[in-house]
Amino acid sequence: MTLTVSLPDGSERTLPAGASAADLATSIGPGLAKASVAALVDGRLRDLSRTLPDGARVALVTRSDDHQDALWVLRHSAAHVLATAVRRVRPGAGIGFGPPIAEGFYYDFAVDEPFTPEDLEEIEARMREVTATATPFSRRRVDRAEAEALFADDPLKLERLAEIPEDEPITVYENEPFLDLCRGPHVPATNEIKHFKLLNAAGAYWRGDENRQMLQRIYGTAFYTRKALKARLHQIEEAKKRDHRRIGEAMDLFSVEEEVGPGLVCWHPAGARIQMELRRWIEDLLARRDYEFVYTPHIANEALFRRSGHLPNYAENMFPPMVDRGPGSGAAAIRLKPMNCPGHCMVFAARPRSYRDLPIRLSEIANVYRNERSGTLHGLLRVRMLTMDDGHLFCTPGQVEGEIFTCLELVRTVMTTLGLSYRFDLSTRPHSGKRIGGDEVWDAAEAALVQALERSGLDYDLDEGGGAFYGPKIDVKFRDAIGREWQGATIQLDFNLPERFELEYIGTDNRAHRPVMIHRAILGTIERFTGVLTEHFAGAFPLWLAPVQVRVLPISDAQQDAADSVRDALREAGIRAETDARSETLGYRIRDGELKKTPYLLIVGQREANEGSVAVRARGAEKKQIVMTAGEFLARVTDERDSRALAP
RNA sequence: GCUCGCGUAGCUCAGUGGUAGAGCGCAUCCUUGGUAAGGAUGAGGUCGCGGGUUCAAUCCCCGCCGCGAGCUCCA
């Protein structure tokens, strides 16, 4: 008896019946056998030790820090080793879930006392004991009764067990002495896990449900090579150094004071400068694309938000009402706006609209106010007064694709200018019952988004069922300088608000039609975007965004006038320049300028003062400075600013 | 909002049951220095807020507020 499998290169191999993926690897070569950790059998990850079905397509998964499947298996196994070690330190620990995640793995434990940093050290040491020897991960199928017996004293596992459908096999994995209810697969043995590190511990709700018990989660990461682990740990260090709260303090960009209130940002002059540049840039880009700007009130009658659906659906995130003349007077309750769309709908509805008016593109770079839960606030990334570069497009169904296309083009312009790589997620209709509008409407809307994406020649990932109840959307994810991904622009179709506000336009048939509404934000919010850019650039903003663009350093008092006149000429050209004539050594002032990430330091000594030149020291270029005339520098720096260049 | 941790000078942090210290920054003076920290002197703190224990609390206990790591949520 034999079985035949096909390999990724299209070739076929015949093996004795009952052969495993490990046997397959051995039959191909000892090197492959040694390098394999798991197998993809008909596209599904399997243990190396599982028998192969006849006719399967098999790809061996070899040790690699570049291969998601390989890392997935390793980290999943590392999670089991973590649980093994925790059970040694806390024998009674209940066991929740322990999956691999994008950058590592975690495991949740039900324990009486939370883990301390010292506990993590000890647990990690125990893990090293476990991985020092080759204890196999062995898979076993069990029936329900046996599984219930095995996990009789672990209520979390019993709960999970009860959810496994009758027709699904129940498997357990054991790396002695630890036994877990688990679908697998795993690496062959514990000694495969060589390069790992526990990172932190924190509470996590059982099953992510805030009404259920709080478990203690331990995060860690694991790789096949020491180099990759070191790179990851370095990335974590780098992220700490780039933390926008730290840089914001050092560069005096902003502050969040307890006395003002949590999640409320005071922008200092340097930070406000960055914000202003971003804002002007976006406004200019929008104006060129036929947007019109509006202002709508920051506070409004509650009735507006009742109509828009915010009060029934979004009240959690809205501040409580204010009443201007006291209760009982008949005065309306007033709310701070959490979004701009209701106001923009009112602008649209304020007069009759013809199809000739469409599309109408309204933009408002406005503050909105959201009563975010206190535990979610974080520097500039999550605040309670935020500034959206908001816009709402009102158009006919036939115009949707073209409008989306233009939005995508705008996204590309913004991301390219800032040197950010990005990708798109297309989120389609949620499951029926959780959406409004008929299937034909959704079909057309999704098709329009797909066509716009394809017309742009852009790749996208599909997030099926991820759309809002009121319409499908395209989300932009961009990657920063150290590889982290952030939510950027969002473009959302909305069939809901035009209904609620009874928006209409008169069509060519002289009858009223409902417009389609598109919500879109390109930066998202200025606060978050500034925070992310601060981390992306590590404070070294491109010249056009830098709060101070040029600092002029006279070598001694004798050159102060010369330095000031260079500074004044730069200012005349709209360059943000200042003189640093402090009574400190030149070395000190250069160091200070570099630490403040000033794009250009101009040194003016007697030589330069005599000949009308400046010694230009570009940020980070150290001693590779160039002497040029003040006029040459001015031309160069204005050009760099006007082109929004990323680097000199 | 929840769990745990933290809260000392403008910033980063040390410290003690007997009302406090460093470095940086800041101020003044000296120094006028050619490419990443010149020197001296000085100011600056209700030790987050409120209770409690104690002869005595910045330190121990409780509550509140804020921050951090996560969870949940999300621009």
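Residues numbered from 1 in each chain as written. Chains lettered and ligands numbered in written order. Predicted model: local features only at pLDDT ≥ 70, side-chain atom pairs only at ≥ 80, totals over all residues. Heavy atoms only, no water.

(A) Seen up close, the overall build of chain A. Summing up its helical and strand segments, chain A has 20 helices and 33 strands in all. Here the C-alpha coordinates of chain A stretch approximately 90 × 75 × 60 Å along the principal axes. Counting over 648 residues, chain A shows a buried share of 50%. Looking at chain A as shown, the accessible area adds up to about 31000 Å², and 49% of this sits on carbon and sulfur atoms. In chain A, 84 positive and 96 negative side-chain charges are present, and the distance between their average locations comes to 2 Å. (Helix = DSSP H or I, 4+ residues; strand = E, 2+ residues; numbered from the N terminus. Buried < 20%, exposed > 50% of the residue type's maximum accessible area, 1.4 Å probe, protein only. Areas by Shrake-Rupley, 256 points an atom, 1.4 Å probe, with all protein chains shown as cover. Lys, Arg positive; Asp, Glu negative; His and termini not counted. Charge placed at Lys NZ, Arg CZ, Asp CG, Glu CD.)

(B) How the structure looks around the domain arrangement of chain A. Each assigned domain of chain A is listed here: domain 1 (2–62), domain 2 (68–241), domain 3 (266–298 + 337–536) and domain 4 (550–642). Computed over C-alpha atoms only, the centres of domain 2 and domain 4 are separated by 57 Å. (Domains from an automatic or database assignment.)

(C) Main features of the pattern of salt bridges. Within this structure, the stated rule accounts for 56 salt bridges. Across the salt bridge formed by Glu-238 and Lys-241, the nearest N and O atoms sit 3.5 Å from each other. Taken together, the residues Glu-238 and Lys-241, both in helix 7 (residues 226–242) and 3 residues apart, mark about one turn of the helix. With relative accessibility at 54%, the residue Lys-241 sits in the exposed group. Where Asp-580 meets Arg-551, a salt bridge forms, and the shortest distance between an N and an O atom there is 3.8 Å. Separated by 29 residues along the polypeptide, Asp-580 in the loop between strand 30 (577–579) and helix 18 (586–595) and Arg-551 in strand 29 (residues 550–554) bring together distant segments of the chain. Arg-551 carries the same exposure label as Asp-580, and that label is buried. Among the ionic contacts, a cluster of salt bridges with common partners joins Arg-423, Asp-425, Asp-461, Lys-477, Arg-479 and Glu-485. (Salt bridge = Lys/Arg side-chain N within 4 Å of Asp/Glu carboxyl O.)

(D) Looking closely at the protein's contact with RNA strand B. The environment of RNA strand B is formed by 54 residues, the closest being Tyr-205, Ser-374, Ile-555, Ser-583 and Arg-591. The share of sugar and phosphate among atoms of RNA strand B within 4 Å of the protein is 47%. Within the side chain of Glu-258, a nitrogen or oxygen atom sits 3.0 Å from a sugar or linking oxygen of RNA strand B. Here a base oxygen of RNA strand B and a side-chain polar atom of Arg-617 are 2.9 Å apart. At the level of elements, strand 12 (195–205), strand 13 (214–223), helix 8 (244–250), helix 18, helix 19 (606–611) and strand 32 (613–618) are the ones that each hand at least two residues to the surface near RNA strand B. Take the surface near RNA strand B: its biggest share by element is 7 residues, from helix 18. A per-class count over the surface near RNA strand B returns 17 nonpolar, 18 polar and 19 charged. (Near = heavy atom within 4 Å. Polar contact = N/O pair within 3.5 Å; in protein donor to acceptor, adjacent residues only side chain to side chain. Nonpolar A, V, L, I, M, F, W, Y, C, P; charged D, E, K, R; others polar.)

(E) Representation of the state of the cysteines in the model. Here the structure, examined in full by the defined rule, presents 0 disulfides. Free cysteine Cys-407: the closest other cysteine sulfur is in Cys-395, separated by 9.4 Å. Under the relative-accessibility criterion, Cys-407 is labelled buried at 2%. (Disulfide = S-S within 2.5 Å.)

(F) Summary view of the confidence of the model for chain A. When pLDDT is averaged across chain A, the result is 93; 99% of the residues are at 70 or more. Interface confidence for the predicted complex, expressed as ipTM, amounts to 0.94; the pTM equals 0.92. (pLDDT = per-residue confidence, 0-100.)

(G) Representation of the sheet that holds strand 3 (residues 36–41) in the model. A sheet is described by the order of its strands in space; here 3 strands give the open sequence 4-3-5, paired in antiparallel fashion. Taken across any chain shown, the strands that pair with only one partner, and hence form the sheet edges, are strand 4 (44–46) and strand 5 (58–62). Strand-to-strand twist in this sheet, taken as the mean axis angle between neighbours without regard to direction, amounts to 35°. Strand direction decides the pairing type here: strand 3 and strand 4, joined by 3 bridges, are antiparallel. Along strand 4, the bridge assignment pairs Val-41 with Arg-44. (Pairing = 2+ DSSP bridges. Axes fitted to C-alpha atoms, helices over the stretch in contact; angles between N-to-C directions.)

(H) How the structure looks around a negative patch on the surface. A cluster of like negative charges, contributed by Glu-249, Asp-252, Glu-257, Glu-258 and Glu-259, occupies part of the molecular surface. Locating Glu-258 in the fold gives a position in the loop between strand 14 (254–255) and strand 15 (266–267). (Patch = residues over 30% accessible without salt bridge, like charges linked within 9 Å, V, L, I, M, F, W, Y side chains within 5 Å.)

(I) Region of interest: unusual backbone geometry. With an omega of -5°, the peptide bond running from Gly-184 to Pro-185 counts as cis. Relative to the assigned elements, Pro-185 resides in the loop between strand 11 (178–181) and strand 12. With an omega of 0°, the peptide bond running from Leu-358 to Pro-359 counts as cis. Within the secondary structure layout, Pro-359 lies in the loop between helix 12 (341–349) and strand 20 (360–369). Here the phi dihedral of Asp-252 falls at roughly 60°; this positive angle occurs in a residue that is not glycine. Checked against the element boundaries, Asp-252 lands in the loop between helix 8 and strand 14. According to the relative accessible area criterion, Asp-252 is partly exposed, its value standing at 42%. Of note, the phi angle at Asn-510 is positive, near 65°, even though the residue is not glycine. Within the element layout of this structure, Asn-510 appears in the loop between strand 26 (505–506) and strand 27 (512–513). On the basis of relative accessibility, which here comes to 63%, the residue Asn-510 falls in the exposed class.

(J) Quick look at the packing of aromatic side chains. Summed over all chains, the structure comprises 13 aromatic pairs. Note on Phe-109 and Phe-115: the rings are 5.9 Å apart at their centroids and 80° apart in plane angle, and the pair reads as edge-to-face. Its relative accessible area of 0% is what places Phe-109 among the buried residues. Aromatic ring contacts, followed pair by pair, group Tyr-107, Phe-109 and Phe-115 into a single cluster. Over the aromatic face of Phe-196 sits the side chain of Arg-128, whose NZ or CZ is 4.2 Å from the ring centroid. The ring centre of Trp-544 lies 4.8 Å from the NZ or CZ of Arg-644, which sits over that ring. (Phe/Tyr/Trp six-rings, centres within 6.5 Å; stacked < 30°, edge-to-face > 60°. Lys NZ or Arg CZ within 6 Å of the ring centre and 35° of its normal.)

(K) Just the packing of helix 3 (residues 68–89) against helix 4 (residues 117–132), in detail. At a minimum axis distance of 8 Å, the contact between helix 3 and helix 4 shows a crossing angle of 115°. Like other packed secondary-structure pairs, helix 3 and helix 4 cross with a definite hand, here right-handed. Counting all contacts with helix 3, which are made through Ala-78, Val-81, Leu-82, Thr-84, Ala-85, Val-86, Arg-88 and Val-89, the residues of helix 4 involved are Glu-122, Ile-123, Arg-126, Met-127, Glu-129, Val-130 and Thr-131. Each residue belonging to the contact of helix 3 with helix 4 can be placed in one class, and the counts come to 9 nonpolar, 2 polar and 4 charged. (Left-handed = near helix turned anticlockwise from the far one by under 90°. Contact = heavy atoms within 4.5 Å.)

(L) How the structure looks around the pairing of strand 32. The buried fraction of strand 32 amounts to 6 of the 6 residues, a majority that puts the element mostly inside the structure. Side chains Ser-613, Ala-615 and Arg-617 project from strand 32 onto one buried face, and the interleaved Val-614, Val-616 and Ala-618 project onto a second face that is buried too. As defined by bridge partners, strand 31 (residues 600–604) adjoins strand 32 across 4 bridges and the pair is classed as antiparallel. Its bridge partner being in strand 32, Tyr-600 is matched across the sheet by Ala-618. Here 4 bridges tie strand 32 to strand 33 (residues 626–629), and the two strands are oriented antiparallel to one another. Its bridge partner being in strand 33, Ser-613 is matched across the sheet by Thr-629.

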